[in-house]
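Secondary and tertiary structure notes
Here is what each chain is made of, one letter per residue.
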Amino acid sequence: MGAGKRWFGGASLGAAFLMANSSIGPGFLTQTTVFTQQLLTSFGFVILVSVVLDVGAQLNTWRILTVSELRAQDLANRLLPGLGYGLAALVILGGFAFNIANIAGCGLGLNVLTGMSYAHGALASCAVALTLFWVQEIGKMLDGFTKILGTVKILLTLGIAFSAHPPLLLALHHTLLPAHVSAAAIVTIVGGTVGGYITFSGAHRLLDAGIKGPAQQDAVTRSAVSGIVISTVMRFVLFLAIVGVLSRGAVLDADNPAAGVFRSAAGEVGFRIFGVILWSAAISSVVGAAYTSVSFFKTFHPVFARHERACISVFIVLSTGIFVLVGKPAQLLVLAGAVNGLILPIALGIVLVAATRPRLMGPYRHPRWMLAAGWAVVAIMGALSVPVLVAQLGALLH
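Residues numbered from 1 in each chain as written. Predicted model: local features only at pLDDT ≥ 70, side-chain atom pairs only at ≥ 80, totals over all residues. Heavy atoms only, no water.

The name given to the chain in an unreviewed UniProt entry is Mn2+/Fe2+ NRAMP family transporter, with Hymenobacter caeli as the source organism. UniProt annotates the chain under Subcellular location (unreviewed entry) with the comment "Membrane". (UniProt positions renumbered as here; feature names shortened; annotations may be inferred.)

Looking only at helices and strands, the chain has 18 helices and 0 strands in total. Taking the contacts inside the chain whose residues are at least 6 apart along the sequence as the reference set, 85% of them involve residues at least 24 apart. Here the chain displays about 14,600 Å² of accessible surface, and carbon together with sulfur accounts for 71% of that area. (Helix = DSSP H or I, 4+ residues; strand = E, 2+ residues; numbered from the N terminus. Contact = heavy atoms within 4.5 Å. Areas by Shrake-Rupley, 256 points an atom, 1.4 Å probe, with all protein chains shown as cover.)

Take unusual backbone geometry next. Positive phi is not limited to glycine here, since Glu69 has a value of about 60°. Residue position: Glu69 is located in the loop between α4 (43–68) and α5 (72–79). Residue Glu69 is classed as partly exposed on the basis of its relative accessible area, which comes to 42%. Of note, the phi angle at His165 is positive, near 50°, even though the residue is not glycine. Position of His165 relative to the elements: it lies in the loop between α8 (138–164) and α9 (168–176). We classify His165 as exposed; its relative accessible area is 60%. (Buried < 20%, exposed > 50% of the residue type's maximum accessible area, 1.4 Å probe, protein only.)

Let's shift gears to the environment of Ala124. Its location among the elements puts Ala124 in helix α7 (residues 118–135). Each C-alpha atom of the pair Ala124 and Thr320 lies 9.9 Å from the other, and the pair is 196 residues apart in sequence.

Nonpolar side chains collect at one region of the surface, where Leu48, Val52, Leu172, Leu176 and Leu177 lie side by side and expose about 470 Å² of accessible area between them. Of all elements in the fold, only α4 and α9 reach the threshold of two or more residues within the nonpolar patch. Its place among the elements puts Val52 in helix α4. (Patch = residues over 30% accessible without salt bridge, like charges linked within 9 Å, V, L, I, M, F, W, Y side chains within 5 Å. Salt bridge = Lys/Arg side-chain N within 4 Å of Asp/Glu carboxyl O.)

This brings us to the pattern of salt bridges. Taken as a whole and assessed by the stated rule, the structure comprises 6 salt bridges. For Asp54, the salt bridge goes to Arg235, with nearest N and O atoms at 2.6 Å. Pair noted here: Asp54 is in helix α4 and Arg235 is in helix α12 (residues 217–246), with a separation of 181 residues, a long-range link. Arg235 sits in the buried class, given a relative accessible area of 0%. Across the pair Arg71 and Asp208 runs a salt bridge whose closest N-O atoms are separated by 2.1 Å. Pair noted here: Arg71 is in the loop between α4 and α5 and Asp208 is in helix α11 (residues 198–208), with a separation of 137 residues, a long-range link. Under the relative-accessibility criterion, Arg71 is labelled buried at 16%. For Asp208, a relative accessible area of 29% translates into the label partly exposed.

Another point: the packing of aromatic side chains. Here a ring pair, both rings aromatic, is described through the centre-centre distance and the interplanar angle of the planes. A full pass over the atoms with the stated rule returns 7 aromatic pairs. Ring geometry for Phe43 against Phe239: centres 6.0 Å apart, planes inclined by 50°, an arrangement best described as tilted. One end of the pair, Phe43, is in helix α4; the other, Phe239, is in helix α12, with 196 residues separating them in the sequence. For Phe43, a relative accessible area of 0% gives the class buried. For the pair Phe200 and Phe296, a centre-to-centre distance of 5.2 Å together with 75° between the ring planes defines the contact as edge-to-face. Placement of the pair is Phe200 in helix α11 and Phe296 in the loop between α13 (257–295) and α14 (302–306), with a sequence separation of 96 residues. Clustering of aromatic rings is evident, with ring pairs tying together Phe43, Phe236 and Phe239. (Phe/Tyr/Trp six-rings, centres within 6.5 Å; stacked < 30°, edge-to-face > 60°.)

All right, on to the confidence of the model for the chain then. The predicted model of the chain has a mean per-residue pLDDT of 83, with 88% of residues at 70 or higher. By mean pLDDT, helix α1 (residues 3–9) is the weakest element of the chain at 42, and α9 is the strongest at 93. (pLDDT = per-residue confidence, 0-100.)

For α9, the complete set of buried residues consists of Ala171, His174 and Thr175. The buried residues of α9 occupy one face: seen down the axis, they fall within an arc of 110°. Exposed residues on α9 whose side chains face more than 90 degrees from its buried face are Leu169 and Leu176. Lining the buried residues of α9 we find α4 and α12. (Arc of directions from axis to C-beta.)

This part takes up the packing of α4 against α9. For any two helices packed against each other, the geometry comes down to the angle between their axes and how far apart the axes lie. At a minimum axis separation of 7 Å, α4 and α9 run at an interaxial angle of 55°. In terms of orientation, α4 and α9 fall into the oblique class. The two elements α4 and α9 meet at a crossing, and its hand is right-handed. Across the interface between the two elements, Gly44, Phe45 and Leu48 of α4 pack against His174, Thr175 and Leu176 of α9. (Axes fitted to C-alpha atoms, helices over the stretch in contact; angles between N-to-C directions. Parallel < 35°, antiparallel > 145°, perpendicular 65-115°, else oblique. Left-handed = near helix turned anticlockwise from the far one by under 90°.)

What follows is the structure, given as structure tokens:
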């Protein structure tokens, strides 16, 4: 099959939706609502910054990994023996934190739709995710499942944004010239939309599908750009819906703030639509986080590759168990973004160093502007992440 066909209907578009769905999961819904309450229309600037950093991280990662034809952990091990194991541990830790939060989102979504408890909703969603991985070939399931749910999320949220009548001109003005700027919001949103495992989800999917090597770089770039565009559209549409509701004086529930946005915009119908969107975002992120996290250790020993489904299942079950025991869904969703914001500069820095080694990249020479953009992301996120993560951990513990 040619690159064009793959792009329009196959793994390239599937990889784009996998990355986009991972970056607009339940954490982003909750994080966007929490920070828009604080910053109002100035939160548009945070989204704009996150998109710029997203481009710097994603284009570098996808191109470097697919040209080298190596997953991130294997590239790191060839750069420095043992480094890949450390990188894998970091990304799996971040993916696990995210997946606990994703399961929390499933519980919140089914609570809205059915009234069942958060814990029961999480357990039911765990069963759905396990079924998805066991009923058909993993790659085909991921491609089809993420395309459908991604499209549903965008269309439903667009309808709510239209009903909310947001102040478009003021939002545009403060997106370019913000009245307030929050480092915590930038770190959390960037971490939640491109941090940790999300950076590698699309690239690892392309490698699994055999879309790799210098000859495939046009298809890889189109896929990466498509994923960024899909997630950016969803981010701004959700932001506009929230701003529209808050500008009318709505007061949101602290335990499930995003639900109040949809209820205020469209009544009980909007509340149920939120349940569908949240559950769709959460279950697609559960699938994406589990798949990508396991892809970080399945190359370390043949037994992991042979029993990939079992490893994914254990990952999902453990995530569900911890959420059921700990609770605090909204707080977990925000904290997960901060954790992955810290992992991003470390993981991206390793990939960028590897890109400059001819023994790893062969005759390929990575563009200097892409290296500069990537190191800018590393520097910005490295400087912002540590104090924000420390503050959020303290808030959660208290």
